[in-house]
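Here are the chains, one letter per residue:
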Amino acid sequence: KGEMVQALAVIESLGRCLVGPMSCLRVLNLSGNRIGPAGVSRIASGLAASKALQVLDLSNNELGVAGANHVAQALVTNKSLVTLNVNGTQIRHPGLRSICAGLAHNTALEVLHARSNVGASGPEALLRLLHANTTLRFAYILDSAPWRNPNYVSKVLPPPSRVGGNAGGGGPQSR
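What you see as residue numbers is a count from 1 along each chain, following the sequence as written. With the structure being a predicted model, the display of local features is reserved for residues of pLDDT at least 70 and the display and counting of side-chain atom pairs for 80 or more, all residues being used for whole-chain, interface and lining totals. Side-chain measures were taken over the full set of non-hydrogen atoms in the model, leaving aside hydrogen atoms and water.

## What about the overall build of the protein?
Helix and strand assignments come from DSSP, with helices taken as H or I runs of at least 4 residues and strands as E runs of at least 2, each series counted from the N terminus. Each helix and strand in the protein was counted, giving 5 helices and 6 strands. Secondary structure elements of the protein occur, N-terminal to C-terminal, as α-β-α-β-α-β-α-β-α-β-β. To sort residues, take the accessible area from a 1.4 Å probe on protein chains only and compare it with the maximum for the residue type: under 20% means buried, over 50% means exposed, and anything in between is partly exposed. Among the 175 residues that make up the protein, the fraction classed as buried is 41%. For the protein, restricting intrachain contacts to residue pairs at least 6 apart in sequence, the fraction spanning at least 24 positions comes to 77%. Residue contacts are defined here by distance: any two heavy atoms, one from each residue, within 4.5 Å place the two residues in contact.

## With respect to the environment of S31
Along the chain, S31 falls in the loop between β1 (27-29) and α2 (37-49). Accessibility expressed as a relative area gives 26% for S31, which makes it partly exposed. Excluding its chain neighbours within four sequence positions, the residues that come into contact with S31 are D57, S59, N60 and N61. Among the polar contacts listed, one links the side chain of S31 to the side chain of S59, at a separation of 2.9 Å. N or O atoms closer than or at 3.5 Å make up a polar contact, with two conditions inside protein: a donor-capable atom paired with an acceptor-capable one, and, for residues adjacent in sequence, both atoms drawn from side chains.

## Here we look at unusual backbone geometry
In terms of backbone geometry, most residues other than glycine have negative phi values and most peptide bonds are trans. Residues other than glycine seldom take positive phi values, yet N60 does so here, at roughly 55°. Note on placement: N60 falls in the loop between β2 (55-57) and α3 (64-77). If you check the backbone angles, Q90 has positive phi at about 60° while not being a glycine. Residue position: Q90 is located in the loop between β3 (83-85) and α4 (92-103).

## Considerations on the side chain of S80
With respect to the helices and strands, S80 occurs in the loop between α3 and β3. Here S80 is in contact with S50, K51, A52, L53, Q54 and A108, once residues within four sequence places are set aside.

## Observations regarding the sheet that holds β1
Strand pairing follows a simple DSSP-based rule, namely that at least 2 bridges must link the two strands. Strand order in the open sheet formed by 6 strands is β1-β2-β3-β4-β5-β6, with mixed pairing between adjacent strands. Each edge of the sheet is formed by a strand with only one pairing partner; in this case those strands are β1 and β6 (147-148). For β1 and β2, the ladder comprises 3 bridges, and the chain directions are parallel. Looking across to β2, one finds that N29 is bridged to D57.

This is how it looks when you write it as structure tokens:
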């Protein structure tokens, strides 16, 4: 039990490291650390407020539905996370539904890895929840090809067009 308390304290410290003026942590890989709902709850507030973290890997942990709910709540306000990996985290259909609902309010996440959490029945309903999100590019929920968001809007602006003549030549009309 002492090891568990110590582990939760370390995870809570990590959560605090995600926020603050000196926070520059971009990638946090906690894969395969037997983190459960209590552990993920310790980093959720840091994740929600982080302005730097871009990649969070929680794969192969024991988050369960309760842990997924903590992640979902953090996703509602997080503005920096680009990739989230919750592959094999025992979140099942209800937990993944919660994460997908949280993503309806998220404006940063582009890639969601959530394989090995739901069975073959029902992923279509989960994918429909993701349609409202315009920043999510890919969702890896099934073991088959990734879901590509038809409503994705690129954050990258096209290069500015040249207005006026081609002073230096070499433009399309001189080829």
